Amino acid sequence: MNRWNSSITAWLFLLPLISLIPAAYAAEDTSYSIEQTQAVLPLDIAITVAEQSNPGLAQRQARAEAMSALPSQLGSLPDPMISMGLVNLPTDSLSTSQEAMTQWQLGISQEIPFPGKLALKQQAATERASASAFMTTEYKQQLIKSITSYWWQLFYLEKTLTVISSNKTLLKQFIDIAETKYRVGHGLQQDVLLAQLELSKLLNREIELNSQREQLVITLNTLLSRP
(Lines give C-alpha, C1' and ligand atoms only; values in the text may rest on other atoms or scores of the structure.)
Protein backbone atom coordinates (compact mmCIF):
# COMPACT_ATOMS: atom_id res chain seq x y z
CA MET A 1 0.00 0.00 0.00
CA ASN A 2 2.83 2.38 0.84
CA ARG A 3 4.44 1.73 -2.52
CA TRP A 4 1.12 2.44 -4.30
CA ASN A 5 0.59 5.71 -2.39
CA SER A 6 4.17 6.76 -3.13
CA SER A 7 3.60 6.09 -6.82
CA ILE A 8 0.52 8.32 -6.91
CA THR A 9 2.30 11.09 -5.00
CA ALA A 10 5.31 10.97 -7.29
CA TRP A 11 3.19 11.16 -10.43
CA LEU A 12 1.13 14.04 -9.05
CA PHE A 13 4.34 15.94 -8.31
CA LEU A 14 6.03 15.26 -11.64
CA LEU A 15 3.07 15.65 -14.00
CA PRO A 16 2.81 19.48 -13.83
CA LEU A 17 6.52 19.81 -14.51
CA ILE A 18 6.48 17.36 -17.39
CA SER A 19 3.37 18.92 -18.93
CA LEU A 20 4.85 22.42 -18.83
CA ILE A 21 7.96 21.46 -20.85
CA PRO A 22 6.26 21.42 -24.29
CA ALA A 23 4.20 24.48 -23.31
CA ALA A 24 7.37 26.41 -22.56
CA TYR A 25 8.83 25.62 -25.99
CA ALA A 26 5.52 26.42 -27.68
CA ALA A 27 5.41 29.81 -25.97
CA GLU A 28 8.67 30.77 -27.69
CA ASP A 29 7.15 30.40 -31.15
CA THR A 30 6.14 33.94 -32.15
CA SER A 31 5.01 33.15 -35.70
CA TYR A 32 1.24 33.16 -36.21
CA SER A 33 -0.75 32.41 -39.31
CA ILE A 34 -3.86 34.36 -40.25
CA GLU A 35 -6.03 31.46 -39.10
CA GLN A 36 -4.26 31.28 -35.73
CA THR A 37 -4.60 34.98 -34.98
CA GLN A 38 -8.36 34.60 -35.16
CA ALA A 39 -8.26 32.39 -32.06
CA VAL A 40 -4.93 33.39 -30.48
CA LEU A 41 -4.22 36.84 -29.11
CA PRO A 42 -0.45 37.52 -28.89
CA LEU A 43 0.63 40.08 -26.31
CA ASP A 44 1.97 42.59 -28.85
CA ILE A 45 -1.30 42.45 -30.79
CA ALA A 46 -3.28 42.93 -27.56
CA ILE A 47 -1.26 46.05 -26.74
CA THR A 48 -1.73 47.40 -30.27
CA VAL A 49 -5.49 46.82 -30.14
CA ALA A 50 -5.69 48.57 -26.76
CA GLU A 51 -3.74 51.58 -28.05
CA GLN A 52 -6.10 51.88 -31.00
CA SER A 53 -9.44 51.02 -29.38
CA ASN A 54 -9.39 51.80 -25.66
CA PRO A 55 -12.04 54.55 -25.15
CA GLY A 56 -10.31 56.06 -22.12
CA LEU A 57 -7.04 56.48 -24.02
CA ALA A 58 -8.84 57.85 -27.09
CA GLN A 59 -10.61 60.44 -24.93
CA ARG A 60 -7.35 61.61 -23.34
CA GLN A 61 -5.56 61.74 -26.69
CA ALA A 62 -8.32 63.87 -28.20
CA ARG A 63 -8.27 66.19 -25.20
CA ALA A 64 -4.46 66.54 -25.36
CA GLU A 65 -4.61 67.26 -29.10
CA ALA A 66 -7.28 69.91 -28.61
CA MET A 67 -5.36 71.57 -25.79
CA SER A 68 -2.16 71.63 -27.84
CA ALA A 69 -3.88 73.97 -30.31
CA LEU A 70 -4.92 76.49 -27.64
CA PRO A 71 -1.59 78.25 -26.89
CA SER A 72 -1.22 79.71 -30.39
CA GLN A 73 -4.83 80.90 -30.33
CA LEU A 74 -4.63 82.49 -26.89
CA GLY A 75 -1.31 84.17 -27.79
CA SER A 76 -2.83 85.97 -30.77
CA LEU A 77 -4.70 89.27 -30.78
CA PRO A 78 -8.50 89.03 -30.73
CA ASP A 79 -10.19 89.07 -34.11
CA PRO A 80 -10.81 92.62 -35.43
CA MET A 81 -14.42 93.80 -35.51
CA ILE A 82 -15.97 95.39 -38.61
CA SER A 83 -19.06 97.55 -38.20
CA MET A 84 -21.39 99.08 -40.76
CA GLY A 85 -24.30 101.44 -40.21
CA LEU A 86 -26.72 103.89 -41.81
CA VAL A 87 -27.61 107.21 -40.14
CA ASN A 88 -30.25 109.88 -40.82
CA LEU A 89 -32.32 107.55 -42.94
CA PRO A 90 -35.89 108.84 -43.49
CA THR A 91 -38.31 106.40 -41.97
CA ASP A 92 -41.20 107.35 -44.25
CA SER A 93 -39.48 106.54 -47.54
CA LEU A 94 -36.31 104.71 -46.47
CA SER A 95 -34.60 106.53 -49.35
CA THR A 96 -30.87 107.19 -49.03
CA SER A 97 -31.08 110.13 -51.47
CA GLN A 98 -33.95 112.05 -49.89
CA GLU A 99 -31.88 113.72 -47.15
CA ALA A 100 -28.42 115.20 -47.61
CA MET A 101 -27.42 114.12 -44.10
CA THR A 102 -28.14 110.43 -44.82
CA GLN A 103 -24.84 108.59 -44.87
CA TRP A 104 -23.27 105.18 -44.64
CA GLN A 105 -20.78 104.51 -41.86
CA LEU A 106 -18.10 101.82 -41.99
CA GLY A 107 -15.66 101.12 -39.17
CA ILE A 108 -13.08 98.61 -37.95
CA SER A 109 -11.85 98.13 -34.39
CA GLN A 110 -9.11 96.06 -32.80
CA GLU A 111 -8.92 95.18 -29.12
CA ILE A 112 -5.36 95.43 -27.78
CA PRO A 113 -4.90 93.71 -24.38
CA PHE A 114 -2.61 95.04 -21.68
CA PRO A 115 1.07 94.39 -22.54
CA GLY A 116 2.17 90.90 -21.42
CA LYS A 117 -1.35 89.57 -20.92
CA LEU A 118 -1.36 87.54 -24.15
CA ALA A 119 2.04 86.06 -23.37
CA LEU A 120 0.86 84.94 -19.93
CA LYS A 121 -2.30 83.38 -21.40
CA GLN A 122 -0.22 81.54 -23.98
CA GLN A 123 2.23 80.31 -21.33
CA ALA A 124 -0.58 79.07 -19.10
CA ALA A 125 -2.22 77.26 -22.02
CA THR A 126 1.14 75.72 -22.95
CA GLU A 127 1.59 74.36 -19.42
CA ARG A 128 -1.93 72.92 -19.41
CA ALA A 129 -1.34 71.29 -22.80
CA SER A 130 1.95 69.84 -21.56
CA ALA A 131 0.28 68.47 -18.43
CA SER A 132 -2.49 66.91 -20.53
CA ALA A 133 0.09 65.26 -22.78
CA PHE A 134 1.94 63.84 -19.76
CA MET A 135 -1.32 62.53 -18.28
CA THR A 136 -2.15 60.86 -21.59
CA THR A 137 1.29 59.22 -21.72
CA GLU A 138 0.92 58.06 -18.11
CA TYR A 139 -2.52 56.59 -18.82
CA LYS A 140 -1.17 54.82 -21.89
CA GLN A 141 1.73 53.29 -19.95
CA GLN A 142 -0.64 52.18 -17.19
CA LEU A 143 -2.93 50.66 -19.81
CA ILE A 144 -0.03 48.72 -21.36
CA LYS A 145 1.02 47.56 -17.89
CA SER A 146 -2.50 46.33 -17.13
CA ILE A 147 -2.85 44.59 -20.50
CA THR A 148 0.50 42.86 -20.02
CA SER A 149 -0.35 41.76 -16.48
CA TYR A 150 -3.80 40.41 -17.35
CA TRP A 151 -2.46 38.72 -20.49
CA TRP A 152 0.21 36.80 -18.55
CA GLN A 153 -2.28 35.88 -15.84
CA LEU A 154 -4.57 34.50 -18.51
CA PHE A 155 -1.63 32.69 -20.13
CA TYR A 156 -0.79 31.10 -16.77
CA LEU A 157 -4.39 29.98 -16.21
CA GLU A 158 -4.59 28.49 -19.71
CA LYS A 159 -1.45 26.43 -19.13
CA THR A 160 -2.55 25.43 -15.63
CA LEU A 161 -5.95 24.27 -16.89
CA THR A 162 -4.18 22.25 -19.59
CA VAL A 163 -2.08 20.52 -16.91
CA ILE A 164 -5.16 19.89 -14.78
CA SER A 165 -6.98 18.35 -17.75
CA SER A 166 -4.03 16.02 -18.34
CA ASN A 167 -3.85 15.12 -14.65
CA LYS A 168 -7.59 14.38 -14.59
CA THR A 169 -7.16 11.83 -17.35
CA LEU A 170 -4.29 10.12 -15.53
CA LEU A 171 -6.11 10.14 -12.19
CA LYS A 172 -9.13 8.53 -13.80
CA GLN A 173 -6.79 5.85 -15.11
CA PHE A 174 -5.35 5.42 -11.59
CA ILE A 175 -8.88 5.06 -10.23
CA ASP A 176 -9.71 2.40 -12.84
CA ILE A 177 -6.53 0.51 -11.99
CA ALA A 178 -7.15 0.77 -8.23
CA GLU A 179 -10.77 -0.37 -8.60
CA THR A 180 -9.70 -3.31 -10.78
CA LYS A 181 -7.07 -4.38 -8.25
CA TYR A 182 -9.58 -4.01 -5.43
CA ARG A 183 -12.16 -6.14 -7.24
CA VAL A 184 -9.70 -8.97 -7.84
CA GLY A 185 -8.37 -8.81 -4.29
CA HIS A 186 -4.94 -7.32 -5.06
CA GLY A 187 -5.66 -3.80 -3.84
CA LEU A 188 -7.19 -1.86 -1.00
CA GLN A 189 -10.32 0.25 -0.96
CA GLN A 190 -8.23 2.97 0.64
CA ASP A 191 -6.26 3.30 -2.61
CA VAL A 192 -9.49 3.84 -4.56
CA LEU A 193 -10.78 6.42 -2.08
CA LEU A 194 -7.45 8.24 -2.09
CA ALA A 195 -7.41 8.52 -5.88
CA GLN A 196 -11.07 9.64 -5.92
CA LEU A 197 -10.29 12.28 -3.29
CA GLU A 198 -7.42 13.63 -5.37
CA LEU A 199 -9.69 13.75 -8.43
CA SER A 200 -12.34 15.64 -6.46
CA LYS A 201 -9.74 18.22 -5.36
CA LEU A 202 -8.59 18.56 -8.95
CA LEU A 203 -12.14 19.14 -10.19
CA ASN A 204 -12.73 21.81 -7.55
CA ARG A 205 -9.47 23.50 -8.53
CA GLU A 206 -10.52 23.40 -12.19
CA ILE A 207 -13.84 25.09 -11.39
CA GLU A 208 -12.05 27.79 -9.40
CA LEU A 209 -9.51 28.46 -12.16
CA ASN A 210 -12.19 28.56 -14.87
CA SER A 211 -14.04 31.21 -12.85
CA GLN A 212 -10.84 33.25 -12.54
CA ARG A 213 -10.20 32.83 -16.27
CA GLU A 214 -13.70 34.09 -17.14
CA GLN A 215 -13.19 37.23 -15.03
CA LEU A 216 -9.79 37.87 -16.64
CA VAL A 217 -11.25 37.49 -20.13
CA ILE A 218 -13.99 40.02 -19.30
CA THR A 219 -11.47 42.49 -17.89
CA LEU A 220 -9.07 42.10 -20.81
CA ASN A 221 -11.83 42.45 -23.41
CA THR A 222 -13.08 45.59 -21.65
CA LEU A 223 -9.64 47.18 -21.88
CA LEU A 224 -9.45 46.18 -25.55
CA SER A 225 -12.98 47.51 -26.17
CA ARG A 226 -14.01 44.12 -27.51
CA PRO A 227 -17.35 42.33 -27.02
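Residues numbered from 1 in each chain as written. Predicted model: local features only at pLDDT ≥ 70, side-chain atom pairs only at ≥ 80, totals over all residues. Heavy atoms only, no water.

Visitor: Before we move on, can you summarise the overall build of the protein with the specific residues and values?
Guide: Regarding its fold elements, the protein presents seven helices and two strands. When the 227 residues of the protein are sorted by exposure, 22% land in the buried category. Nonlocal contacts in the protein, meaning residues at least 24 apart in sequence, comprise 76% of its contacts between residues at least 6 apart. With the model as given, the accessible surface of the protein reaches about 16,100 Å², and the carbon-plus-sulfur share is 58%. (Helix = DSSP H or I, 4+ residues; strand = E, 2+ residues; numbered from the N terminus. Buried < 20%, exposed > 50% of the residue type's maximum accessible area, 1.4 Å probe, protein only. Contact = heavy atoms within 4.5 Å. Areas by Shrake-Rupley, 256 points an atom, 1.4 Å probe, with all protein chains shown as cover.)

Visitor: Before we move on, can you summarise helix α4 (residues 55-68) with the specific residues and values?
Guide: Between its terminal C-alpha atoms α4 stretches 20 Å, which fits the 20 Å expected from 14 residues at 1.5 Å a residue. Every buried residue belonging to α4 is among Gly56, Leu57, Ala64 and Met67, and all of these are buried. Each buried residue of α4 sits inside an arc of 95 degrees when the element is viewed along its axis, so together they form one side. Residues of α4 that are exposed and angled more than 90 degrees away from the buried face: Pro55, Gln59 and Glu65. On its buried side, α4 packs onto α3 (43-53), α5 (70-74) and α6 (117-183). (Expected span 1.5 Å × (residues − 1). Arc of directions from axis to C-beta.)

Visitor: Tell me about a nonpolar patch on the surface, and please be specific about residues and values.
Guide: A cluster of nonpolar side chains, Ile82, Met84, Leu86, Trp104, Leu106 and Ile108, forms an exposed patch at the surface whose accessible area comes to about 780 Å². Sorting the residues of the nonpolar patch by element identifies β1 (81-87) and β2 (103-109) as the ones contributing at least two each. Position of methionine 84 relative to the elements: it lies in strand β1. (Patch = residues over 30% accessible without salt bridge, like charges linked within 9 Å, V, L, I, M, F, W, Y side chains within 5 Å. Salt bridge = Lys/Arg side-chain N within 4 Å of Asp/Glu carboxyl O.)

Visitor: Would you mind going over the packing of α6 against helix α7 (residues 189-223) in detail, with residue names and values included?
Guide: The geometry of α6 relative to α7 is characterised by a closest axis approach of 8 Å and an angle of 160 degrees between their N-to-C directions. Of the possible angle classes, the one that applies to α6 and α7 is roughly antiparallel. The two elements α6 and α7 meet at a crossing, and its hand is left-handed. Residue composition of the contact of α6 with α7, by class: 21 nonpolar, nine polar and nine charged. (Axes fitted to C-alpha atoms, helices over the stretch in contact; angles between N-to-C directions. Parallel < 35°, antiparallel > 145°, perpendicular 65-115°, else oblique. Left-handed = near helix turned anticlockwise from the far one by under 90°. Nonpolar A, V, L, I, M, F, W, Y, C, P; charged D, E, K, R; others polar.)

Visitor: Give a description of the confidence of the model for the protein that names residues and reports values.
Guide: Chain-level pLDDT for the protein is 80 on average; 82% of the residues reach the 70-or-more range. Taken element by element, the protein is modelled with least confidence in helix α2 (residues 34-37), mean pLDDT 38, and with most confidence in α3, mean pLDDT 94. The low-confidence segment residues 1-37 (pLDDT under 50) makes 27 contacts with residues lying over four places distant or belonging to another chain. (pLDDT = per-residue confidence, 0-100.)

Visitor: I'd like a rundown of the environment of leucine 43, residues and numbers included.
Guide: Along the polypeptide, leucine 43 turns up in helix α3. Along the primary structure leucine 43 and isoleucine 144 are separated by 101 residues, whereas in three dimensions their C-alpha atoms are 10.0 Å apart. Beyond its immediate sequence surroundings of up to four residues, leucine 43 is in contact with Ile147, Thr148, Trp151 and Trp152.

Visitor: A description of the side chain of threonine 136 should follow, citing residues and the corresponding values.
Guide: With respect to the helices, strands and loops of the structure, threonine 136 is situated in helix α6. When near neighbours in sequence (up to four residues on either side) are disregarded, threonine 136 contacts Leu57, Arg60, Gln61 and Ala64.

Visitor: Any chance you could break down the packing of α3 against α6 for me, citing the residues and the numbers?
Guide: Two elements in contact, α3 and α6, have axes whose closest approach is 10 Å; the angle formed by their N-to-C orientations is 140 degrees. α3 and α6 meet at a crossing whose hand is right-handed. Residues Leu43, Ala46, Ile47, Ala50 and Glu51 of α3 lie in contact with α6, whose contacting residues are Lys140, Leu143, Ile144, Ile147, Thr148, Trp151 and Trp152. Residues of the contact of α3 with α6, tallied by class, amount to nine nonpolar, one polar and two charged.

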